[in-house]
Amino acid sequence: MSNKNLRDVYESYFIMGAAVTPKLLREQGSFIRTYFASITAENEMKFEALQPSRGKYDFKVADEMVDFAMNNNIKMRGHTLVWHQQTPNWVFESTNGGNATREELLSNMESHIKEVVGRYKGKIYCWDVANEIIDDKDDYIRKSKWLDIIGEDYIEKAFRYAHEADKEAILFYNDYNATEPTKSDKIFRLVKNLLDREVPVHGIGLQGHWNIYGPSIDQIKAAIELYASLGVTLQLTELDISMYNNEDNLGLLVPTEEMLELQAKRYKEIFSLFREYKEYISGVTFWGVADNYTWLDNFPVKNRKNWPFIFDINYQPKESYKKIINI
Ligand code: GLA
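Fair warning: this is a prediction, and the values are worked out from it, not measured in the lab.

**Q** Just give me the short version of the environment of Ala162, but keep the residues and values in it.
**A** Take Ala162: it is sitting in helix 7 (residues 154-165). Assessed through its relative accessible area of 0%, Ala162 is described here as buried. Taking the C-alpha atoms as reference, Ala162 lies 20 Å from Ile134; in sequence the two are 28 residues apart. Apart from the residues within four sequence positions on either side, Ala162 is in contact with Leu81, Ile113, Val117, Val129 and Leu171.

Set out below in structure tokens:
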């Protein structure tokens, strides 16, 4: 049994992180700094949070989170600049009414990215510049107002603006289902295409919203190898291991023993793989901290309790925790 904790054990592998809320930082600050070397704001740096109306930025809460990181020797990931969700309508509207033109939307994007990335230059070490751009089904780029109004080059522009604002920041393309072959091929193609044209994209984020049944280790391995062949760094940006496969609804109030065992086994296999590929993986971030709070309590089924993390509802280490620090 290792005497070192999660943060210490993983220091020599990759940056171990968690997505947090401002409330959690206020209430569990010492827990966070003990176990994690990096934080991501769960919602507080999304477009709608930082610039809810045109030109009116609100950095109060985001600043508080960045200060926490700086004061506690923790790194901060930036999440996220361009996404089809949690982006206010005004962004896509013209000041004269109606839809924004391509030039207007590009200008809204540029000013937002430069303001935000510029403000946290030297404080936020990496950014999820573009989130969930690839289509899940037959299309290549997901249908969105960004695509409709600007065209495919909105992605390239986003990376270029971010790079102009902070030359040192590591810029990521981030997506879910990134281990599904149909999607991973398209993510590969997108990032390769950007790199071929010298667009400053430096990393691929695999969100990692997985469950106790899948994806298989072979599938994860194949995705890591595929993306790593592009020469970019990889991060697991939103890891959680749901107890459910899709939409089953068991109405449980506590996890079953079988679920906990399977989860611990999965966590062990997954982290063994991450360790094996540490040369390519620079960070692993959980999408939350402890089982008392997770977005999965309401997704994809409302009010279905879930327990996706390595700490239980009382912030105590689960079997999963013990497994991953004793590989
Ligand atoms: C996606 C986004 C995250 C978050 C989760 C759900 O993965 O990238 O910002 O909204 O969905 O919590």
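**Q** Outline the packing of helix 8 (residues 181-196) against helix 9 (residues 217-228), listing residues and values.
**A** For any two helices packed against each other, the geometry is given by the interaxial angle and the distance between the axes. With their axes 10 Å apart at the nearest point, helix 8 and helix 9 run at an angle of 10 degrees to one another. Here helix 8 lies roughly parallel to helix 9, going by the angle between them. The residues of helix 9 that touch helix 8, namely those facing Pro181, Ser184, Asp185, Ile187 and Phe188, are Gln219, Leu226 and Tyr227. For the contact of helix 8 with helix 9, the per-class residue count stands at five nonpolar, two polar and one charged.

**Q** Could you give an account of helix 5 (residues 102-119), naming the residues involved and the relevant values?
**A** Given a rise of 1.5 Å per residue, 18 residues ought to cover 26 Å, and the 26 Å separating the end C-alpha atoms of helix 5 matches this to within 8%. Of all the positions in helix 5, only Leu105, Leu106, Asn108, Met109, His112, Ile113, Val116 and Val117 are classed as buried. Seen along its axis, helix 5 keeps its buried residues to an arc of 160 degrees; they face one direction.

**Q** Explain the pattern of salt bridges to me, using residue names and the numbers behind them.
**A** Tallied over the full model, the rule gives 18 salt bridges. One salt bridge connects Asp153 with Arg102, and the closest N-O pair in it is separated by 2.9 Å. Remark: Arg102 occurs in helix 5 and Asp153 occurs in the loop between helix 6 (145-150) and helix 7; sequence separation between them is 51 residues. Of the residues examined, Asp153 reaches a relative accessible area of 24% and is grouped as partly exposed. Residues Lys318 and Asp291 are paired through a salt bridge, measuring 2.6 Å at the closest nitrogen-oxygen approach. Of this pair, Lys318 sits in the loop between strand 9 (281-286) and helix 11 (319-325) while Asp291 sits in the loop between strand 9 and helix 11; the two residues are 27 residues apart in sequence, bridging distant segments of the chain. When sorted by exposure, Lys318 lands in the same class as Asp291, which is buried. Linked through salt bridges whose partners overlap, the residues forming this network are Asp136, Arg142, Asp175 and Lys183.

**Q** Give a description of the site of the ligand that names residues and reports values.
**A** Near the ligand, the surroundings consist of Lys46, His79, Trp83, Gln86, Asn131, Glu132, Gln207, His209, Glu238, Trp287 and Trp295. Glu238 has a polar side-chain atom sitting 2.4 Å from an oxygen atom of the ligand. A distance of 3.1 Å separates an oxygen atom of the ligand from a polar atom in the side chain of Trp287. Taken atom by atom, the bulk of the ligand overlaps the largest pocket. By residue class, the composition of the shell around the ligand is three nonpolar, five polar and three charged.

**Q** Provide a residue-level description of the side chain of Thr237, including the pertinent values.
**A** Positionally, Thr237 belongs in strand 8 (residues 233-242). For Thr237, a relative accessible area of 1% translates into the label buried. A polar contact is formed between the side chain of Thr237 and the side chain of Asn174, at a distance of 2.7 Å. Each residue touching Thr237, except ones within four places of it in the same chain, is listed here: Arg77, Asp128, Asn174, Gly205, Leu206, Gln207, Thr285 and Trp287.

**Q** Describe helix 7, and please don't skip the residues or the numbers.
**A** Residues three or four positions apart in an α-helix share a direction because the helix packs 3.6 residues into each turn. A rise of 1.5 Å per residue sets the reference length of helix 7, with its 12 residues, at 16 Å; its end C-alpha atoms lie 17 Å apart and thus fit the reference within 8%. For helix 7, every residue scored as buried is listed here: Tyr154, Ile155, Glu156, Ala158, Phe159, Tyr161, Ala162 and Ala165.

**Q** For the layout of surface pockets, give the residues involved together with the corresponding values.
**A** Its boundaries defined by the atoms lining it, the largest pocket holds a volume of some 1000 Å³. Around the largest pocket, the lining comprises 37 residues; the ones closest to its centre are Tyr176, His209, Trp295, Leu296 and Phe299. For the lining of the largest pocket, the secondary-structure elements that each account for two or more residues are strand 7 (209-211) and strand 8. Estimated volume of the second largest pocket: approximately 150 Å³. Taken together, Ala19, Val20, Thr21, Lys23, Leu24, Glu27, Gly288, Val289, Ala290, Asn292, Tyr293 and Tyr315 make up the lining of the second largest pocket.

Parameters at a glance
- Residues numbered from 1 in each chain as written.
- Predicted model: local features only at pLDDT ≥ 70, side-chain atom pairs only at ≥ 80, totals over all residues.
- Heavy atoms only, no water.
- Helix = DSSP H or I, 4+ residues; strand = E, 2+ residues; numbered from the N terminus.
- Buried < 20%, exposed > 50% of the residue type's maximum accessible area, 1.4 Å probe, protein only.
- Contact = heavy atoms within 4.5 Å.
- Axes fitted to C-alpha atoms, helices over the stretch in contact; angles between N-to-C directions.
- Parallel < 35°, antiparallel > 145°, perpendicular 65-115°, else oblique.
- Nonpolar A, V, L, I, M, F, W, Y, C, P; charged D, E, K, R; others polar.
- Expected span 1.5 Å × (residues − 1).
- Arc of directions from axis to C-beta.
- Salt bridge = Lys/Arg side-chain N within 4 Å of Asp/Glu carboxyl O.
- Near = heavy atom within 4 Å.
- Polar contact = N/O pair within 3.5 Å; in protein donor to acceptor, adjacent residues only side chain to side chain.
- 1 Å grid on protein atoms, 1.4 Å probe; cavity = no way out; pocket = protein on both sides within 12 Å on 5 of 7 lines; lining within 4 Å.
- Sits in = over half its atoms within 2 Å of the grid points.
- Points joined across faces, edges and corners; volume = space filled by probe spheres on them.

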